[in-house]
Amino acid sequence: IAMTPQGRFVNFNGGDYMELLPSSLQDLNDQITIELWLRGDESLPFNTTVFEGVNQNDQREINTHVPWSNSRVYWDAGYNGGYDRIDQLCEESELEGGWTHWAFVKDASEGTMSILRDGEVWHTGENKDNLFGEIVRMYLGASAWNGNNYIGDIEDLRIWSVALDAETVNDWRFKSDVSSHPSISNLMASYDFNGV
């Protein structure tokens with residue numbers, strides 16, 4: 001039996017997005033974890049942006065494509081003359097139809113970036129040491145310019161100012177209440193969408 005997230009979720013139909021409060025992301029420095037549940041529409045793959053945050057110069061600080069039209073999942077994080085990126089091919093069946101938990105992690109002090117899929121490390125990269133600048137605009141369900149809109153469902157988006165390890169992500173991915181999470185002091189934003 002496949003496990004699924006609990007509670008309500010938000011559906012994106014390809015023409016909408018949510019603007020997230022950038023003020024909640026001001027503690028961002030050298031580490032981040034962004035985790036969420038995705039259930040992609042059966043029309044995938046095509047060019048989509050699940051979330052994107054940019055600095056005051058409209059430069060990308062955080063971004064993910066799940067997927068791009070080539071069925072690759074991209075994770076971009078930190079801008080310094082360009083952004084650090086890792087990416088990997090994902091089977092079409094893994095992108096659409098069912099719920100998948102994704103976590104996007106960066107530790108610039110260690111120079112590592114990783115993508116976790118259903119609580120396990122799915123892809124990693126090294127020599128990724130760009131720090132984060134101040135994010136002034138962040139969209140969920142589209143790029144920061146309301147393009148490449150996502151089509152599908154999103155649930156339990158959480159943004160942490162620490163690079164969570166796979167064991168912690170896996171232990172907590174089915175829990176909506178994170179009040180006793182070991183890194184609760186590092187939680188910058190949490191959207192369970194139960195009020196939408």
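This text follows the structure it describes.
Worth saying up front: this structure is predicted, and the values here are computed from it rather than measured. (Residues numbered from 1 in each chain as written. Predicted model: local features only at pLDDT ≥ 70, side-chain atom pairs only at ≥ 80, totals over all residues. Heavy atoms only, no water.)

A few points about the overall build of the protein
Check the secondary structure of the protein and you find one helix and 13 strands. Secondary structure elements of the protein, listed N to C terminal, follow the sequence β-β-β-β-β-β-β-β-β-β-β-β-α-β. Structurally, the protein occupies a C-alpha span of about 40 × 35 × 30 Å along its principal axes. Within the span of the protein, comprising 196 residues, buried residues form 51% of the whole. Sequence separation of at least 24 residues holds for 67% of the intrachain contacts in the protein that already meet a minimum separation of 6. When the accessible area of the protein is evaluated, it comes to approximately 8600 Å², of which 40% is carbon and sulfur surface. (Helix = DSSP H or I, 4+ residues; strand = E, 2+ residues; numbered from the N terminus. Buried < 20%, exposed > 50% of the residue type's maximum accessible area, 1.4 Å probe, protein only. Contact = heavy atoms within 4.5 Å. Areas by Shrake-Rupley, 256 points an atom, 1.4 Å probe, with all protein chains shown as cover.)

Quick notes on the nonpolar core
Ranked by size, the top nonpolar core spans 36 residues in total, and within it W75, W102 and I154 carry the most contacts. When contributions to this core are tallied by element, the ones reaching two or more residues are strand 1 (10-13), strand 3 (31-40), strand 6 (72-79), strand 8 (100-107), strand 9 (112-117), strand 11 (137-140), strand 12 (151-160) and strand 13 (187-191). Ranked by the residues each element gives to this core, the list is headed by strand 3, at four residues. Leave out the neighbours within four places in its chain, and W102 touches I34, E35, L36, L38, V66, V73, C90, L95, I115, L116, R117 and W122. Counting nine residues, the second largest nonpolar core, distinct from the first, contains W160, V162, V169 and V178. (Core = buried A, V, L, I, M, F, W, Y, C linked by side-chain atoms within 4.5 Å.)

Brief notes about unusual backbone geometry
Cis peptide bonds are those with omega within 30 degrees of zero, and the linkage from L44 to P45 qualifies with 10°. One can find P45 in the loop between strand 3 and strand 4 (51-54). Cis peptide bonds are those with omega within 30 degrees of zero, and the linkage from V66 to P67 qualifies with 0°. Relative to the elements of secondary structure, P67 occurs in the loop between strand 5 (60-65) and strand 6. For D118, which is not a glycine, the phi torsion comes out positive at approximately 50°. One can find D118 in the loop between strand 9 and strand 10 (120-125). Overall, the relative accessible area of 25% leaves D118 in the partly exposed class. In this structure, N148 takes a positive phi of about 50° despite not being glycine.

Focus on the environment of N63
On the secondary structure map, N63 appears in strand 5. Taking the C-alpha atoms as reference points, N63 and E52, eleven residues apart in sequence, are found 4.2 Å from one another. Not counting residues within four places of it along the chain, the set of residues in contact with N63 comprises T49, F51, E52, Y74, W75 and D76. In terms of polar contacts, N63 uses its side chain to reach the side chain of H65, at 3.2 Å. A polar side-chain atom of N63 sits 2.9 Å from a polar atom in the side chain of D76. (Polar contact = N/O pair within 3.5 Å; in protein donor to acceptor, adjacent residues only side chain to side chain.)

A few points about the sheet that holds strand 11
Pairing is antiparallel in the open sheet, where six strands are placed in the order 2-11-4-5-6-7. Bordering the open sheet on either side are strand 2 (18-20) and strand 7 (83-89), each of which pairs with just one other strand. On average, each strand axis in the sheet is inclined to that of its neighbour by 15°, with strand direction left out of account. As judged from the four bridges shared by strand 5 and strand 6, these two strands associate in the antiparallel manner. Looking at the pairing, T64 lines up with W75 of strand 6. (Pairing = 2+ DSSP bridges. Axes fitted to C-alpha atoms, helices over the stretch in contact; angles between N-to-C directions.)

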